[in-house]
Amino acid sequence: MKSKVTVVKEFTNGKVDDKLFSSFIEHLGRAVYTGIYEPGHETADGQGFRRDVIDMVKDLRVGLVRYPGGNFLSGYNWKDGIGPREKRPVRLDRAWHTVETNQIGIDEFADWAKKAGTEVMAAVNMGTGTVQDAADMVEYCNHPSGTAWSDLRIKNGHREPHAIKYWCVGNEMDGPWQICHLDAVDYGKKAREAIKLMKWTDDSIKTIVCGSASSSMPTYPEWDRIVLEHTYDLADYISIHRYFENKGDDDDFLASFYDMDQFIKTSIATCDYVKALKRSRKEMYLSFDEWNIWYQSKKEPHPWMEAPRILEDHYSLLDALAFGGMAITLLNHADRVKVACLAQLVNVIAPVFTEPGKGAYKQSIYFPFRDISVYGRGTVLTPISKVQNKVTNEYGEVPAVIFSAVHDEEGGTVTVFALNTSKTESSETEIDLSSFGDTLMTMRTELSGSDLSAKNSLERPDAVKPADVPLCQGEKGVYTVSLKPVSWNVLRFRTK
């Protein structure tokens, strides 16, 4: 199979926002307890946070971490998680059928985020919570001093404000599974009033309203339209969520990026319709603040308990490759997708996995996420590609090889990400960078292998990981490389 991609310096798509490489931690399963927080662990710091996890998160260069939910959010009272720990109430979390001790709350999580080199993307409860609760949380976190809530934060040990800039106004309120689910009109009205009061409390914040929880929702995209008609003037982003899983056809699974791409395009079109309807000059951006591979078909019943082992998917090489296709899709929509949160970060459908009292390791999806986060910063270019198509049962003809190209002009680099989804054919690929003048290939890595079911573990932490590939030199900026079947590839070039 042959393919060609031409990358032209002037064919720009959009500037990559650092928040595109964000993630998510919910009070769910072991994401918090024995995930980021495990007092008594040999790596625990003075606050009980696992330093081995912090080190792995730092390497991912995560822009924001969405907190505290998720489905958990719609029944959560943020006030339960502040003040002396011994006085915090133990609650039933009805969203996930677990017991919540509230030993971690917004103050502790803000401390953890600083240690992990990231920032908090806070979320307010639009289920059981009120508009007043949302504004009070903004005041507690962001107001300097001199009011009841800000002075309480100071009393609780945080003299300086947390200065949280990004705020999710609820979570998946279109979903009947959500506590106090609302229809689009009722949510739109409530979200509008919440944003008003939140921004009257701190006019520097950015807010994200709930879009559709999935492209498969029967209300999509009508929900998004109605919500935006109520909130367009006040909101800064609308969220969309989408998960994928292998339902038995590897070709369809590897082509999941196609569904994600169509979802993004439809969401953009919906935003632009409301923009036109309102005669607005404002551009609405997308926050794809939940995306990943999640095997939702797995049912895990459990009694009421603290931090149960739920949603602990163990990812294979095949999962990592499908994940890479989604990562490329996000980069290629950097003009409108400004925030994206890999859901989640630790233990729960996550790139980092821990065992209580033991070590931590990187799951297979850790590596393509790290690649785009470390090397995908700059300006996304629009590659011109010629690729042999393949046929899938679910999506019809989709390209067998997909690309994204990012130009870091200040750093003098071009990075090409490529995914070959064919299980049988290598792709003899021509990469044309001649518009950049003199270039030099400086790095090339490849994630591939003969066993697509291979997974990492504590015992075999390196069963799946990228390998360096010998460099090749081009002629007049044109390079020819062979991309192995089912492989994730990163190629970096130095420019003048």
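Okay, so let's go over this structure.

Cut-offs used in this document
Residues numbered from 1 in each chain as written. Predicted model: local features only at pLDDT ≥ 70, side-chain atom pairs only at ≥ 80, totals over all residues. Heavy atoms only, no water. Helix = DSSP H or I, 4+ residues; strand = E, 2+ residues; numbered from the N terminus. Rg over C-alpha atoms; globule rule 2.2 N^0.38 Å. Contact = heavy atoms within 4.5 Å. Areas by Shrake-Rupley, 256 points an atom, 1.4 Å probe, with all protein chains shown as cover. Lys, Arg positive; Asp, Glu negative; His and termini not counted. Charge placed at Lys NZ, Arg CZ, Asp CG, Glu CD. Pairing = 2+ DSSP bridges. Buried < 20%, exposed > 50% of the residue type's maximum accessible area, 1.4 Å probe, protein only. Disulfide = S-S within 2.5 Å. Phe/Tyr/Trp six-rings, centres within 6.5 Å; stacked < 30°, edge-to-face > 60°. Salt bridge = Lys/Arg side-chain N within 4 Å of Asp/Glu carboxyl O. Axes fitted to C-alpha atoms, helices over the stretch in contact; angles between N-to-C directions. Parallel < 35°, antiparallel > 145°, perpendicular 65-115°, else oblique. Left-handed = near helix turned anticlockwise from the far one by under 90°. Nonpolar A, V, L, I, M, F, W, Y, C, P; charged D, E, K, R; others polar. Core = buried A, V, L, I, M, F, W, Y, C linked by side-chain atoms within 4.5 Å.

Points about the overall build of the protein chain
1) Next: If you tally the helices and strands in the protein chain, you get 10 helices and 25 strands.
2) Next: Against the globule reference of 23 Å for 496 residues, the protein chain gives a C-alpha radius of gyration of 23 Å, in line with a compact fold.
3) Next: Expressed as a percentage of contacts within the protein chain between residues at least 6 apart in sequence, the contacts between residues at least 24 apart total 77%.
4) Next: Carbon and sulfur atoms make up 49% of the accessible area of the protein chain, which amounts to about 19,300 Å² in all.
5) Next: Of the side chains in the protein chain, 59 bear a positive and 70 a negative charge, and the two mean positions are spaced by 3 Å.

With respect to unusual backbone geometry
1) Next: Note the cis peptide between Gly-69 and Gly-70, where omega equals 10 degrees.
2) Next: Backbone torsion omega between Ala-343 and Gln-344 reads 0 degrees, so that peptide bond is classified as cis.
3) Next: As for its position among the elements, Gln-344 is in the loop between strand E12 (337-343) and strand E13 (352-354).
4) Next: Positive phi, close to 45 degrees, is recorded for Glu-172, a residue that is not glycine.
5) Next: Position of Glu-172 among the secondary structure elements: in the loop between strand E8 (166-169) and helix H5 (184-201).
6) Next: Even without glycine at this site, Ile-349 takes up a positive phi of about 35 degrees.

Some words on the environment of Lys-199
1) Next: Within the secondary structure, Lys-199 sits in helix H5.
2) Next: Sequence-distant contacts of Lys-199, that is, excluding residues within four places in its chain, are made with Ile-205, Thr-207, Leu-234 and Asp-236.

Examining the pairing of strand E1 (residues 2-6)
Each regular strand shows side chains that alternate between the opposite faces of the sheet.
1) Next: Alignment of E1 against strand E21 (residues 427-432), held across five bridges, turns out to be parallel. Bridge pairing in E21 links Ser-3 to Thr-429.
2) Next: As judged from the four bridges shared by E1 and strand E16 (residues 384-387), these two strands associate in the antiparallel manner. Bridge pairing links Lys-4 to Lys-386 in E16.

Some remarks on helix H10 (residues 366-375)
1) Next: Most of H10 sits inside the fold, with seven of its 10 residues counted as buried.
2) Next: Among the residues of H10, those classed as buried are Tyr-366, Phe-367, Pro-368, Phe-369, Asp-371, Ile-372 and Ser-373.

With respect to helix H2 (residues 106-115)
1) Next: Of all 10 residues making up H2, eight are buried, and the element is well covered by its neighbours.
2) Next: Turning to H2, its buried residues are Ile-106, Asp-107, Glu-108, Phe-109, Ala-110, Asp-111, Trp-112 and Ala-113.
3) Next: Looking at the buried side of H2, the elements it contacts are helix H1 (51-60), strand E4 (64-67), strand E7 (119-124), helix H3 (131-142) and helix H4 (148-155).

A word on the state of the cysteines
Here, the word disulfide means a covalent bond between the sulfur atoms of two cysteines.
1) Next: Summed over all chains, the structure comprises zero disulfides.
2) Next: Cysteine Cys-271 remains unbridged, with the sulfur of Cys-210 as its closest cysteine sulfur at 14 Å.

So, the side chain of Thr-413
1) Next: Structurally, Thr-413 can be placed in strand E20 (residues 413-420).
2) Next: When near neighbours in sequence (up to four residues on either side) are disregarded, Thr-413 contacts Val-406, His-407, Asp-408, Arg-492, Phe-493 and Thr-495.

Here we look at the packing of aromatic side chains
1) Next: For the coordinates displayed, the defined rule picks out 18 aromatic pairs.
2) Next: Note on Tyr-67 and Phe-109: the rings are 4.0 Å apart at their centroids and 5 degrees apart in plane angle, and the pair reads as stacked. One end of the pair, Tyr-67, is in strand E4; the other, Phe-109, is in helix H2, and 42 residues separate them in sequence. With respect to burial, Tyr-67 and Phe-109 carry one shared label: buried.
3) Next: Seen in terms of ring centroids, Phe-417 and Trp-488 are 5.9 Å apart; in terms of plane orientation they differ by 25 degrees. Their pairing is stacked. Of the two residues, Phe-417 is situated in strand E20 and Trp-488 in strand E25 (residues 487-495); the sequence distance between them amounts to 71 residues.

So, the pattern of salt bridges
Two side chains of opposite charge can pair, provided their charged atoms sit close to one another.
1) Next: In total, this model carries 25 salt bridges according to the counting rule given.
2) Next: Ionic pairing is found between Arg-225 and Glu-229, a salt bridge with its closest N-O pair at 2.6 Å. In this pair, Arg-225 and Glu-229 are both assigned in helix H6 (residues 222-231), four residues apart and thus about one turn of the helix distant.
3) Next: Two residues, Asp-251 and Lys-390, come together in a salt bridge whose shortest N-O distance is 3.7 Å.

Some thoughts on the packing of helix H8 (residues 256-277) against helix H9 (residues 317-332)
1) Next: Where H8 contacts H9, the two axes come as close as 8 Å, and the packing angle between them is 25 degrees. As the angle between them shows, H8 and H9 are arranged roughly parallel. Where H8 crosses over H9, the two elements pack in a sense that is right-handed. Of H9, the residues touching H8 (which contributes Ser-256, Phe-257, Met-260, Asp-261 and Ile-264) are Gly-325, Met-326, Thr-329 and Leu-330.
2) Next: Among the residues making up the contact of H8 with H9, the classes are represented as five nonpolar, three polar and one charged.

Some details on the nonpolar core
1) Next: If you look at the biggest cluster of nonpolar residues, it comprises 141 residues, and the most contacted ones within it are Ile-25, Ile-36, Trp-112, Trp-167, Tyr-187, Phe-288 and Trp-291.
2) Next: Ranked by the residues each element gives to this core, the list is headed by H9, at 11 residues.
3) Next: Excluding residues that lie within four positions of it along the chain, Tyr-187 makes contacts with Met-126, Val-169, Met-173, Leu-182, Val-209, Cys-210, Trp-223 and Val-227.
4) Next: Residues Ala-405, Phe-436, Met-441 and Tyr-479 belong to the second largest nonpolar core, which totals 21 residues.

Thoughts on the pairing of strand E10 (residues 237-244)
1) Next: Of all eight residues making up E10, eight are buried, and the element is well covered by its neighbours.
2) Next: Burial of the side chains of E10 extends over both faces: Tyr-237, Ser-239, His-241 and Tyr-243 are buried on one face and Ile-238, Ile-240, Arg-242 and Phe-244 on the other.
3) Next: Pairing between strand E9 (residues 206-209) and E10: two bridges, direction parallel. Pairing of Val-209 across the sheet is with Ile-238, part of E10.
4) Next: When E10 meets strand E11 (residues 285-293), the two strands line up parallel, connected through seven bridges. Within E11, the residue paired with Tyr-237 across the bridge is Tyr-285.

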